[in-house]
Amino acid sequence: MGSEKTAPAPDTGLKPARTLAPDIRAILAAWKFTRRQLAALWHIAQFLLYGGAKGGGKTVFLCRWAVMQCAIYPGNKVFLGRKRSVDFKNTTLETFRRYIDPRLYTMNKQEQKIYLPWCAGQIDYGGLDDEELVNKFNSAEYGAVGLDQAEECDEDKVAMLVGTLRHVLPDGTFPSYQVRLTANPAECFLKDEFIVNP
């Protein structure tokens, strides 16, 4: 994860919408973040690109951000993906399993869903090369979207995912509708969207 020092999450004023059980709160409070990860985690921008070289903690950040989107907004639905299903399962999903305490979730691999019962959260996951999954985006409703290695993705499919940001929380309020992308340096649409013409 690079040479940056880690720090616990600061008190930002953003609190889960309901009180967490002490054991869940302790698990989340034990997470360590680099300064860059903290800045990205608590940034209020709807769209944020977290870039950098390999081994910089981008995927760990993305997995923890997805869980926090459910903790802050109980009943939230988040999508986590990558261009190819096989890459998501072999890297991103393995990172999720390594860095997210198994007491926080249950996983249904057949349905490609992660359930967070303590906050009624759900994280759907998969690859954008899965046509069946992509076809579901027309009717899907998410409260947040995260894409790992977004430099590999087609701009049209990213735009399709952004169009799913219409989930309404069970209490009738709205989540953040944030989009978080991780990427390695590359010549792609992200350069124009986030660097040349932000």
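Because the structure is predicted, anything quoted here is derived from the model rather than measured.

Rules and cut-offs
- Residues numbered from 1 in each chain as written.
- Predicted model: local features only at pLDDT ≥ 70, side-chain atom pairs only at ≥ 80, totals over all residues.
- Heavy atoms only, no water.
- Helix = DSSP H or I, 4+ residues; strand = E, 2+ residues; numbered from the N terminus.
- Buried < 20%, exposed > 50% of the residue type's maximum accessible area, 1.4 Å probe, protein only.
- Contact = heavy atoms within 4.5 Å.
- pLDDT = per-residue confidence, 0-100.
- Pairing = 2+ DSSP bridges.

A. Layout of the environment of G143. Summarising the element assignment, G143 is placed in the loop between α5 (131-136) and β8 (144-147). Residue classification places G143 among the buried positions, given a relative accessible area of 0%. For G143 and T164, which are 21 residues apart along the polypeptide, the C-alpha to C-alpha distance reads 8.1 Å. Non-local contacts of G143, meaning those with residues more than four positions away in its chain, are made with N76, K77, L165, H167, P175, S176, Y177 and Q178.

B. Structural detail: the confidence of the model for the protein. Per-residue pLDDT for the protein has a mean of 84; in total, 83% of the residues score no lower than 70. Across residues 1-17, where pLDDT falls below 50, the model places 35 contacts with residues more than four positions away in sequence or in other chains.

C. Examining the pairing of strand β6 (residues 113-116) more closely. Burial of the side chains of β6 is restricted to one face: I114 and L116 are buried, whereas none of K113 and Y115 on the reverse face is. In terms of strand pairing, strand β5 (residues 106-108) meets β6 through three bridges, oriented antiparallel. For N108, the partnering residue across the bridge sits in β6 and is K113. If you look at the hairpin formed by β5 and β6, you'll find four residues sitting between the two strands, and Q112 has a positive phi there, around 55 degrees. Sheet topology note: the β6/strand β7 (residues 121-127) ladder contains four bridges and is antiparallel. What sits directly across from I114, in β7, is I123. In sequence, β6 turns back onto β7 through a hairpin of four residues, with A120 there showing a positive phi of about 55 degrees.

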